[in-house]
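Residue-level structure breakdown
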Amino acid sequence: MKKEVMKKSRNLFLLLAQFATFAFLISGMPSILNAQVKVWGDNQYGQLGTGNYSSYPVPTTLSGLNDIIDIAAGASTTIALRRNGTLLSWGKNQYGLLGTGSTEPAQSNVPVQVVNLTGVVSVEASGRAAMALKSDGTVWVWGNNYYCQFGNGTQGGQLESNPTPVQVTGLPNIVAISINQIHALALDSQGRIWGWGENTSNEINYEGGLRIFTPELVPGFPAGTTFTSISTSSVNSVALTANGEVYVWGDNQQGQDGAGRCNFFGEVVGQPKRVITSGVSQIAASEFGVGVLLTNGSVQYWGKNDYSQAGNNTTSVCTAPVNASISNVTDLRAGDIHFLARKTDGAIWGWGYNVDCEIGNGSCSVNERVPVQTQAGAGNSRIFEAGGRTGFVSNARSASRPFDFDGDSKTDVSIFRPSAGEWWYLKSSTGGNAALAFGTSTDKLAPGDFTGDGKTDIAFWRPGSGFWFILRSEDNSFFSFPFGASEDIPAPSDYDGDGKTDAAVFRPSSGTWFILNSSGSGTSIVNFGSSEDKPVAADFDGDGRADIAIFRPSDGSWWYLQSSNSQFKVYRFGVGTDKPVQGDYTGDGKADIAIFRPSTGEWYFQRSEDNSYYSFVWGASGDIPAPGDYDGDGRADAAVFRPSNTTWYMNQTTAGVGIVNFGSAGDKPVPNAFVP
């Protein structure tokens, strides 16, 4: 009997599923607010959440799900992560997979609440067990434990049900998870991989036994190897290194080791094998196969290919990587025996098995041998789930632009005058100006939309007392509160994705971030960085939440912790004297790594789409970088303030060059507030 295969690849919003035949997508601008979810595919057990059991060959809109930021699809069960860190589930409740604390009812075609879990940042699902990662780095699991998926040292019965989430013990601080039918992997904050569960094909430890009862480090990698992403199927494990290398271990019946050979009688890879040496940005394990997204936007595949999973119009086994017939891809998802890909225009394409409508193109009988566009539409897609037999999409409106004091979705030219403690800004909506006295010369500028009305509030942080002072844009009343210590660096941003700026500080002495979540989920404390690092928080993974991030001057490296899946990314870009000016310069909904070089006035950008870079000169020695979206087109603009003549120079991506004289000697440009 064929195993029911389930895998997950947690690199950005990688949402995968087997045999459930469905896919999910969330699209929109930087903050996922009022998102609209669409679904398609098989719905035998209500796994689409439509309130019925009818299948859908093309996308249909779900009602009432406007705050979903992540989705995981098991065999016939769907689990969704809400913006507030709680989970909803729907579909089949076998083994208690709905996580409601009960095995009744047997299924639900509408969302129900998962119990005993808050503060969730990532979720995974399979046909037997589900797993969640919390913001404190702990891992929780529920469902069936027959293959020791709970990692608690015991083996459950084959039909045993555990409908209430429990913690997996024996793990360090975890940043990413992956679970399938019979084994699980976890990635820790040091880039090491832990595994537990079934090991008959060496899915975890080539030196281990038939089952791994408690979490243990996966062996067999070269010393010093650091991983950033993991993906599993029931017979294989796949991992991606910080250098873009891909390792595979486990079963090799269909050439999954990528070495140009396969054994149809149960050969296993054994010790992890490096298949690709560089240039990979995402991984996605499918049943008896592996798909990867390269940094140039192309897709490669190797392994079983009976339903054209390779996407190259063939059906023969691919024992070495081959190119799919698609380009300009920014995200890749794997189902059981089909793939979905998001292109640069936001359109979703699919290929492979399509008998159950999983591609979403209206066809439910013909397998797609080459990539075809789904009917999910294009635009600023945020997340999607490629399940065995279903699909999901969503749209969202954007939050306000940075330093937008008048609420017209454009950054306003603005200065802070230390000598008088005054804020001056030029309203981009009317051309008029406003001035308000608020603060002193020693205060640290910390503006943001703390009240969520779509306008930036004037705000500062006082180092001497650790107090925040915020002037409401609605009525110019103010409020204050203590948060931080004298040594801290203010780093406010929308970390919880609720459309409001959160007070936050980075403490260099301990490399610790303290975030006061405006959504009411309390304070987040995250260790990420060292004493020399500079905080550069931004939404690098495009999930509508700011990612904790630092720039390390000693080696010009950028480190960021993706809020979508708690995985970290590392890139070297710049030198110690450069000024970090991260922002979404390309308009794909993700912040691009960027630096301004004061000595030459050059700007350098690393595109989030493919990690390629470009540069141009905008400014001169002595200028102060002040990036923002001055023309309101959804893309950050390079801009500088020149103190020598108090003039602003803006290289607007849509409106062209803007030159404005605004300010006086000694003024600080407000859009420079978070440039360390």
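Rules behind the numbers
- Residues numbered from 1 in each chain as written.
- Predicted model: local features only at pLDDT ≥ 70, side-chain atom pairs only at ≥ 80, totals over all residues.
- Heavy atoms only, no water.
- Pairing = 2+ DSSP bridges.
- Helix = DSSP H or I, 4+ residues; strand = E, 2+ residues; numbered from the N terminus.
- Axes fitted to C-alpha atoms, helices over the stretch in contact; angles between N-to-C directions.
- Salt bridge = Lys/Arg side-chain N within 4 Å of Asp/Glu carboxyl O.
- Buried < 20%, exposed > 50% of the residue type's maximum accessible area, 1.4 Å probe, protein only.
- Lys, Arg positive; Asp, Glu negative; His and termini not counted.
- Polar contact = N/O pair within 3.5 Å; in protein donor to acceptor, adjacent residues only side chain to side chain.
- Contact = heavy atoms within 4.5 Å.
- pLDDT = per-residue confidence, 0-100.
- Disulfide = S-S within 2.5 Å.
- Phe/Tyr/Trp six-rings, centres within 6.5 Å; stacked < 30°, edge-to-face > 60°.
- Lys NZ or Arg CZ within 6 Å of the ring centre and 35° of its normal.

1. Let's talk about the sheet that holds strand β6 (residues 68-73)
The strand order β6-β7-β8-β9 describes an open sheet built from 4 strands, whose pairing is antiparallel. In this open sheet, the two edge strands, each paired with only one partner strand, are β6 and β9 (107-113). The average angle at which neighbouring strand axes cross in this sheet is 15°, direction not considered. Pairing geometry for strand β8 (residues 87-92) and β9, over 4 bridges, is antiparallel. Residue pairing across strands places Gly91 opposite Ser108, the latter belonging to β9.

2. Things to note about the pattern of salt bridges
In the structure shown here, the tally under the stated rule is 15 salt bridges. With its nearest N and O atoms 3.8 Å apart, the salt bridge here joins Asp306 to Lys304. Residue Lys304 is classed as buried on the basis of its relative accessible area, which comes to 19%. A salt bridge links Asp578 to Arg597; the shortest N-O distance between them is 2.8 Å. With Asp578 in the loop between β46 (568-572) and β47 (579-580) and Arg597 in strand β48 (residues 593-597), this residue pair connects regions lying 19 residues apart in the sequence.

3. Regarding the side chain of Asp547
With respect to the helices and strands, Asp547 occurs in the loop between β43 (534-535) and β44 (548-552). Despite its burial, Asp547 remains without a salt bridge, the nearest opposite charge being carried by Arg545 at 6.7 Å. Among the polar contacts made by the side chain of Asp547, one reaches the main-chain amide nitrogen of Phe540 at a distance of 2.7 Å. In contact with Asp547, other than residues within four places in its own chain, are Ala537, Ala538, Asp539, Phe540, Asp541, Leu561, Gln562 and Ser563.

4. Let's talk about the sheet that holds strand β14 (residues 174-179)
What the 4 strands build is an open sheet, ordered β14-β15-β16-β17; its pairing is antiparallel. Each edge of the sheet is formed by a strand with only one pairing partner; in this case those strands are β14 and β17 (211-217). Between one strand axis and the next, the sheet turns by 10° as a mean value, whatever way the strands run. Both β14 and strand β15 (residues 183-188) contribute to a ladder of 5 bridges, which runs antiparallel. The partner of Ser178 across the bridge, within β15, is Leu185.

5. Focus: the confidence of the model for the protein chain
Looking at the protein chain as a whole, its pLDDT mean stands at 86, while 89% of the residues score no less than 70. Ranking the elements of the protein chain by mean pLDDT puts strand β1 (residues 14-16) last with 27 and β47 first with 98. The low-confidence segment residues 1-34 (pLDDT under 50) makes 260 contacts with residues lying over four places distant or belonging to another chain. Note on residues 395-400: pLDDT is under 50 here. Beyond four places in sequence and across chains, it has 23 contacts.

6. Considerations on the state of the cysteines
Counted according to the given criterion, the structure contains 1 disulfide. Covalently, Cys357 is tied to Cys364 through a disulfide, its sulfur atoms 2.0 Å apart. Of note, the bridge from Cys357 to Cys364 carries an S-S torsion of about 120° and is right-handed in sense. Judged by relative accessible area, which is 9%, Cys357 ranks as buried.

7. Things to note about the packing of aromatic side chains
Per the stated rule, a full pass over the model turns up 32 aromatic pairs. For the ring pair Tyr307 and Tyr353, a centre distance of 4.8 Å and an interplane angle of 75° mean the geometry is edge-to-face. Highlighted residues: Tyr307 in the loop between β24 (299-303) and β25 (318-323) and Tyr353 in the loop between β28 (348-352) and β29 (368-373), separated in sequence by 46 residues. Using a relative accessible area of 14% as the deciding quantity, one classes Tyr353 as buried. Each ring, one from Phe405 and one from Tyr425, has its centre 4.8 Å from the other, and the planes form 20°; the classification is stacked. Of this pair, Phe405 sits in the loop between β31 (390-397) and β32 (414-417) while Tyr425 is found in strand β33 (residues 422-426), placing the two residues 20 residues apart along the sequence. Since its relative accessible area comes to 6%, Phe405 is described here as buried. Three or more aromatic residues link up through ring pairs in this structure, and these residues are Tyr585, Phe596, Trp603, Phe605, Tyr614 and Phe616. Against the face of Trp349 rests Lys343, its NZ or CZ located 4.6 Å from the ring centre.

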